[in-house]
Structure formats: C-alpha cells, structure tokens
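Remarks on the overall topology
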Amino acid sequence: MTDSTPDLAIEVRGLQMSYGPRHVLRGVDFEVRTGEVLCLLGPNGAGKTTTVEILEGFRQRTGGRVRVLGLDPADAKARLRERIGIVLQECGFPRLARVGELIDIWRSYYRAPRPLEELLDLVELTADRDRQVRRLSGGQRRRLDFALALAGDPDLVFLDEPTTGFDPESRRRCWAAIENLRSLGKTILLTTHYLDEAERLADRVAILQDGCVQTAGSVRQVARQAGVMTTISFATPQALRAGAVTPPGCLDVRVSGEIAVCRTPNAALALRELLAWAADNDLGDLDDLAVETPTLEDAYLRLVSGGTR
Ligand SMILES: Nc1ncnc2c1ncn2[C@@H]1O[C@H](COP(=O)(O)OP(=O)(O)O)[C@@H](O)[C@H]1O
Ligand SMILES: [Mg+2]
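The rules we used
- Residues numbered from 1 in each chain as written.
- Chains lettered and ligands numbered in written order.
- Predicted model: local features only at pLDDT ≥ 70, side-chain atom pairs only at ≥ 80, totals over all residues.
- Heavy atoms only, no water.
- Pairing = 2+ DSSP bridges.
- Helix = DSSP H or I, 4+ residues; strand = E, 2+ residues; numbered from the N terminus.
- Axes fitted to C-alpha atoms, helices over the stretch in contact; angles between N-to-C directions.
- Contact = heavy atoms within 4.5 Å.
- Buried < 20%, exposed > 50% of the residue type's maximum accessible area, 1.4 Å probe, protein only.
- Near = heavy atom within 4 Å.
- Polar contact = N/O pair within 3.5 Å; in protein donor to acceptor, adjacent residues only side chain to side chain.
- Areas by Shrake-Rupley, 256 points an atom, 1.4 Å probe, with all protein chains shown as cover.
- Nonpolar A, V, L, I, M, F, W, Y, C, P; charged D, E, K, R; others polar.

What follows covers the sheet that holds strand E6 (residues 156–160). Pairing within the open sheet is mixed, and its six strands lie in the order E5-E6-E7-E3-E8-E9. On the outer flanks of this sheet lie strand E5 (84–87) and strand E9 (212–217), each paired with one strand and no other. In this sheet, adjacent strand axes meet at a mean angle of 15° when their direction is disregarded. In terms of strand pairing, strand E3 (residues 37–41) meets strand E8 (residues 204–209) through four bridges, oriented parallel. Each residue of the ladder has a partner; that of Leu41, found in E8, is Ile207. Relative to the sheet, helix H6 (residues 168–183) contacts E3, E6 and strand E7 (187–191), its axis offset from that of E7 by approximately 150°.

Given below as structure tokens:
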C-alpha cells in the first residue's frame, strides 16, 4: 500500500504509543520531505527514540497513521529494510574485524550496495580501512556505524543521537559525514539534544514534548513561533544618554550605559526606523551597530521551559 504524498519520505499523523499505562506519544504529527534533514528535538524521555523505532519497524505503535517511503513500517518491515539505513544509539561490533572487512560483509547483504571506497571516503575512514574495530576511537566507531548504515545505499537514514558524548573534534567529523549524506540527496531523520547540532544540520526541526510535536518548522520559523525577538544593539549616542533625543516608542530602545538595545520581531523594519531616527537627529552612523538573530537555543529554551505557555 503506497498511499502517501510522493514528496514526503515520512508522514506521521496522530501517532500514539503507550508502554502499559504510560502514554508516551499522544498524537504526534510531523512529516519529513524527500531530501531534507529533519531534526527531532525534545527533553530526555520525550519519546524521540520511541518515535524513531516505530518508523524503523522495530516497535508496534498503539495508534495513529505512519508512512515511511510510502509504506507502513508495521507491516512492510522487510521491504523497508532494503531502503533505510539505521544508526542506533548503541551497537556492538566484532572487535577483531577490520574496518574494510566489516563494511564489505555488510555490503554483501544488499542487492545494490555502495562501493567500499565511496563508503570509506564518505565517513573519512579511508586511512583506517585495515584497522581493527577495537583500535578505533569512539568517534571513528560511530562513523563506522554510518558506513554500515549506508552500505545498502538507502534513500532514508535514521540517526538517533549520533554524537552524544563526543569531543568537539569527533562531533565535527560526524557533522561532515552527515553533510556528505545530505549532499547525496538522502533524506535524514536525526535526533539530538545538542541545539547547535540541530541548528547546523537541520533543514527543519520538530520539538517533541508532552507526547506531541509542539512546534515544527525551519529554525527561523521556530524562533518566530517561540516569540524570541531579534536584538539590535548600538553604542549609545551622547545625545541619547543625555536625554536630548528620544527614539520612537515602537522601537522599545533600552539604554544600559554605553550600549543601547532594541528588541524587535521585525529586524528590517526596526533597522529602517532606527537609522531614519538617527539621521533626523544628526546622530551620524550608529557606532557598533549589530543585529543578533535568535538562535535555536533561545527558542527551544523558551518553548520547552514553558516561557510562552
Ligand atoms: N521498552 C520500554 N518499556 C517501558 N517504557 C519505555 C520503554 N522504552 C522507553 N520507555 C519510556 O518511554 C519514554 C520515552 O522514551 P524514549 O523514547 O527513549 O525518549 P527519548 O529518546 O526522547 O529520550 C521514557 O519515559 C522511557 O522511560
Ligand atoms: Mg533517545
């Protein structure tokens, strides 16, 4: 049964999941478009792994509708296996196997595997192909996970917290591997609790909390929905500090010593008004003018700590 919209790789509508009496997912809605990176965010225990495992066909949902590449993972697990790549939160390898060997074994499970050299290159393990698994660092092992997930050249890749516990260098290499995947046109569903990771990698994010997706969209859209303002700051002109001029009230300019700050939902409009006001009052160019757009972290903290609710 392939009854979903063709440009959606994943479609989730009213997804419910209970573990006994515990309702973890209470009607989750989101979609992942073909070729995009969607990042599922949410506090620990929000149900991210549960959602991902349902989509992978590892868990039976208790309600709702789910389509993955047009198929229902609850009854098409075997058919999906050929087309999806999975990086689990934890997994074990034979420690004595060598990197290249292990990838080749994985490749042999698929009808149209990706070439070994390409896989090694994609995850930056070419120099380590003859190294034993037990000699790899945590970050290298995780990139080996990626290579294995990609062995069958899947259309869709699931990455559940791919960089948790990594040092900054290993995280950057993992990000590079994910960006490589994206540039191959793969669709990626990523979970993470690092907001900088989501901000860097995701085309769109969905925030899971209290059993539902509370907010979804691009980082900018989410920041706007969270009601986080853009700030425009500038060195306080002498005339403003002395009270000789007053900026238009709509700009809500607050002066704290040498710095004046305006918070606004519309940076372009506010900038125009601010510069016009400065010109009208012979304040010259505003020194140290800086525009700071809200980060995903600002938006997330506001949404998840209930700042707007
Ligand atoms: N097999 C299970 N049996 C019972 N409860 C579970 C099981 N797996 C997860 N849970 C519970 O479901 C909730 C969501 O877990 P999980 O999906 O792992 O969240 P996340 O990945 O967002 O941290 C947690 O409270 C967790 O304790
Ligand atoms: Mg998890």
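What follows concerns unusual backbone geometry. Its identity as a non-glycine residue notwithstanding, Glu124 has a phi of 55°, on the positive side. As for its position among the elements, Glu124 is in the loop between helix H4 (116–122) and helix H5 (138–150). What makes Glu124 partly exposed here is its relative accessible area of 33%. One non-glycine residue, Asp282, lies in the positive phi region at around 55°.

Another point: the site of ligand 1. Taken together, Tyr19, Arg22, Val24, Pro43, Asn44, Gly45, Ala46, Gly47, Lys48, Thr49, Thr50 and Arg59 form the complete shell of residues around ligand 1. Separating an oxygen atom of ligand 1 from a backbone N or O atom of Ala46 is a distance of 3.3 Å. In the environment of ligand 1, an oxygen atom lies 2.5 Å from a nitrogen or oxygen atom belonging to the side chain of Thr50. The protein chains hide 64% of the 560 Å² of surface that ligand 1 would expose on its own. When residues of the shell around ligand 1 are traced back to their parent elements, those giving at least two are strand E2 (22–33) and helix H1 (48–56). Residues that form the shell around ligand 1 fall into these classes: four nonpolar, five polar and three charged.

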